[in-house]
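Commentary on secondary and tertiary structure
Letter by letter, the chains look like this.
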Amino acid sequence: MPPADTGASTVVAAAPSAPATGPASDTRLTPGGPGYRRMSFALFLAGVATFALLYSTQALLPLISSGFGVTASAASWTVAAATGGLAVFVLPMSALSERFGRRTVMTASLAVAVGVGILVPFAPSLGVLVALRFLQGAALAGLPASATAYLAEEVRPKALVTAIGLFVAGNSVGGMSGRVITGWVAQEWGWRTAVAVIGLLAVGCAVAFRLLLPAPRHFRPGSLRPRVLARTVRDHLADPLLRRLYAIGALFMTVFGGVYTVIGYRLTQAPFSLPQGIVGSIFLVYLVGTVSASTAGRLVDRTGRRGALYLAGGTTAAGLLVSLADALPLILLGLVLITAGFFAGHAVASSSVSKTATTGRAQASALYQSAYYIGSSAGSTIGATAFHASGWSGTVGVGVLAVLGVVAITVLGSRAARRVPAAAASVGSS
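Predicted, not measured: the structure shown is a model, and the values here were computed from it. (Residues numbered from 1 in each chain as written. Predicted model: local features only at pLDDT ≥ 70, side-chain atom pairs only at ≥ 80, totals over all residues. Heavy atoms only, no water.)

**Quick look at the packing of aromatic side chains**
Within the structure shown, the criterion is met by 12 aromatic pairs. On the numbers, 4.9 Å between centres and 70 degrees between planes, the contact of Phe 342 with Phe 343 is edge-to-face. Among the aromatic side chains, those forming a connected cluster through ring pairs are Phe 256, Tyr 260, Phe 283, Phe 342, Phe 343, Tyr 368, Tyr 372 and Tyr 373. Sitting over the ring of Phe 100, Arg 99 keeps its end group 5.7 Å from the ring centre. (Phe/Tyr/Trp six-rings, centres within 6.5 Å; stacked < 30°, edge-to-face > 60°. Lys NZ or Arg CZ within 6 Å of the ring centre and 35° of its normal.)

In structure tokens, the structure reads:
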């Protein structure tokens, strides 16, 4: 199958910042070149801090439920509020990055999120905790879209999928380490101490990020005028390929958010009754996501983007079905497959957005991130509600429906891609 996008066109226009004098004069970063490793490590650390903070309460939900005397659905709002805050504010923050620069906005976002993180352990009630988590998510909104826009401007196109895959790999490491650390710390000292430790980890990542990230060389300030922003957003939403990619990101994250919000409840209850530290260690399977995200570029080279999305969706669905077993080894295998499929699909879809948008990249990425985290919020709340009503099979059912949505959208993209050459041939022969 030849490489192809998930939408109607396989032709991607060159980025405006690309030099006109050929590859020899292209000063953008490339693997092995000066500054590429610093840039990759800096954004890797930003991804670690973002996901560690964003999902710092997810592995702790059973303890938060018992601490505040609330249900799983109520406690899940500590996750949904953070991802919802990010989804709401990612577009405005992307507009700020167009005007003031990617590095400036990312630095400020991390600083504010870390500051809020210092207050989270002292929340006196679930309502206050949810409010603080919403603020934290809103602050983190400056990271995802700005990072992908920075990469699209500063990295050569052929290396873009790999570079974004490394950033997504940082997300997986952050999500894993945050959950593993909080699980073991909470087992000894409670959930409040656990989230405080994650805050300190994020401080270190934020400082190192600012010191390491190279200054942008290809950024051109844009306008903050609402009318210009609205027109850019409207143009992106009018693009059928981008709309499909946004929906794919949201559906993949619906699966992932639901599974990892509920898995702690399943494993701490009978017949498993695992201690909190062991449940937190379950998130070590995120290492699989680190590998699958960082190798997404090679997968696209071999199968094309649509082929990669089919494989990612199929792997995720297989993991959901395997996880229905009541044997712990099979549950772990299911989580491995779900994680590998999700991170591969996310890396492919997010890099496709960056390649497709030739103007207003930050807004294009922001719309993807908004859809992605809306999916996370929906997955957390719907998955927890389904678990409360029907057990783990209810959560799996929600996930399978979301994967079927990914497959259906990709099929529609395949059909649209075939119609474009047919139409061109028809015009040429007339």
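That shown, we press on.
**Focus: the environment of Pro 240**
Note that Pro 240 resides in helix H11 (residues 240-268). Here the alpha-carbon distance between Pro 240 and Gly 413, two residues 173 residues apart in the chain, equals 8.8 Å. (Helix = DSSP H or I, 4+ residues; strand = E, 2+ residues; numbered from the N terminus.)

**Here we look at the nonpolar core**
In this structure, Met 39, Leu 43, Leu 151 and Tyr 260 are the most contacted members of the largest nonpolar core, which totals 123 residues. By residue number, the principal contributor to this core is H11, which donates 16 residues. Among residues more than four places away in sequence, those in contact with Tyr 260 are Gln 58, Phe 283, Val 285, Tyr 286, Leu 335 and Thr 339. (Core = buried A, V, L, I, M, F, W, Y, C linked by side-chain atoms within 4.5 Å. Buried < 20%, exposed > 50% of the residue type's maximum accessible area, 1.4 Å probe, protein only. Contact = heavy atoms within 4.5 Å.)

**Details of the confidence of the model for the chain**
Model confidence for the chain is summarised by a mean pLDDT of 83, while 90% of its residues fall at 70 or above. Within the chain, helix H6 (residues 126-140) carries the highest mean pLDDT (96), whereas helix H13 (residues 286-294) carries the lowest (78). When the criterion is pLDDT under 50, residues 422-430 qualifies, and its contacts beyond four places in sequence or with other chains add up to 0 contacts. (pLDDT = per-residue confidence, 0-100.)

**Some remarks on the packing of helix H1 (residues 36-54) against helix H9 (residues 191-212)**
Orientation of H1 relative to H9, taken along the N-to-C sense of each, is 155 degrees, at an axis distance of 8 Å. Classified by the angle between their axes, H1 and H9 sit roughly antiparallel to one another. As for the relative orientation of H1 and H9, their crossing is left-handed in sense. Here Arg 38, Phe 41, Ala 42, Leu 43, Leu 45, Ala 46, Val 48, Ala 49, Ala 52 and Leu 53 of H1 come into contact with H9, specifically with Ile 198, Gly 199, Leu 201, Ala 202, Cys 205, Ala 208, Phe 209, Leu 211 and Leu 212. (Axes fitted to C-alpha atoms, helices over the stretch in contact; angles between N-to-C directions. Parallel < 35°, antiparallel > 145°, perpendicular 65-115°, else oblique. Left-handed = near helix turned anticlockwise from the far one by under 90°.)

**Notes on the environment of Ser 73**
Inspection of the secondary structure assignment puts Ser 73 in helix H3 (residues 72-75). Distance in space between the C-alpha atoms of Ser 73 and Ala 384 is 5.3 Å, their sequence separation being 311 residues. Not counting chain neighbours up to four residues away, the residues in contact with Ser 73 comprise Ala 384, Thr 385 and His 388.

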